[in-house]
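Observations on the model geometry
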Amino acid sequence: MPGLAECQNLLRLLIARGDPKAIPLAKGAIDQYLNTAPLSGRGLRVLQRDALDQHSAAVGVQRSFAETVDAYIERKLAEE
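Residues numbered from 1 in each chain as written. Predicted model: local features only at pLDDT ≥ 70, side-chain atom pairs only at ≥ 80, totals over all residues. Heavy atoms only, no water.

**Here's the deal with the side chain of Asp50**
Among the structural elements, Asp50 can be located in helix α3 (residues 40–57). Beyond its immediate chain neighbours, meaning those up to four positions away, Asp50 contacts Gln8 and Arg12. (Helix = DSSP H or I, 4+ residues; strand = E, 2+ residues; numbered from the N terminus. Contact = heavy atoms within 4.5 Å.)

**Looking at the nonpolar core**
In terms of nonpolar packing, the biggest core is built from 21 residues, with Ile30, Leu47 and Val69 touching the most fellow members. Within the residue set of this core, elements represented by two or more residues are α1 (4–17), α2 (23–36), α3 and α4 (60–79). Once residues lying within four places of it in the same chain are set aside, the contact partners of Ile30 are Cys7, Leu11, Leu44, Val69, Tyr72 and Ile73. (Core = buried A, V, L, I, M, F, W, Y, C linked by side-chain atoms within 4.5 Å. Buried < 20%, exposed > 50% of the residue type's maximum accessible area, 1.4 Å probe, protein only.)

**Thoughts on α2**
Counted at 1.5 Å a residue, the expected span for α2 with its 14 residues is 20 Å, and the 20 Å between its end C-alpha atoms agrees. Taken as a whole, α2 has its buried residues at Ala26, Ala29, Ile30, Tyr33 and Leu34. Mapping the buried residues of α2 onto a view down its axis gives an arc of 135°, with all of them on the same face. For α2, exposure combined with an orientation more than 90 degrees from the buried face picks out Pro24, Gln32 and Asn35. The elements touched by buried residues of α2 are α1, α3 and α4. (Expected span 1.5 Å × (residues − 1). Arc of directions from axis to C-beta.)

Interpretation note: all reported values are geometric properties and have no functional meaning in isolation.
Now the structure itself:
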């Protein structure tokens, strides 16, 4: 899927950093992926699973960031 790996890598990096100021960047990456990917629902589920995996291993701000990414992806899935 076009852009999936790039989006996934960026989200992993942002979750690892856990900087709340980077939430708009994460949302922008997800939105950009949605704008370029056919069958984006499958890719969103891959991204969501990855964020949840990181959430399980994270603590503190990283965990909160992963929850925010998960919630945003959930909203996008509901819109489809």
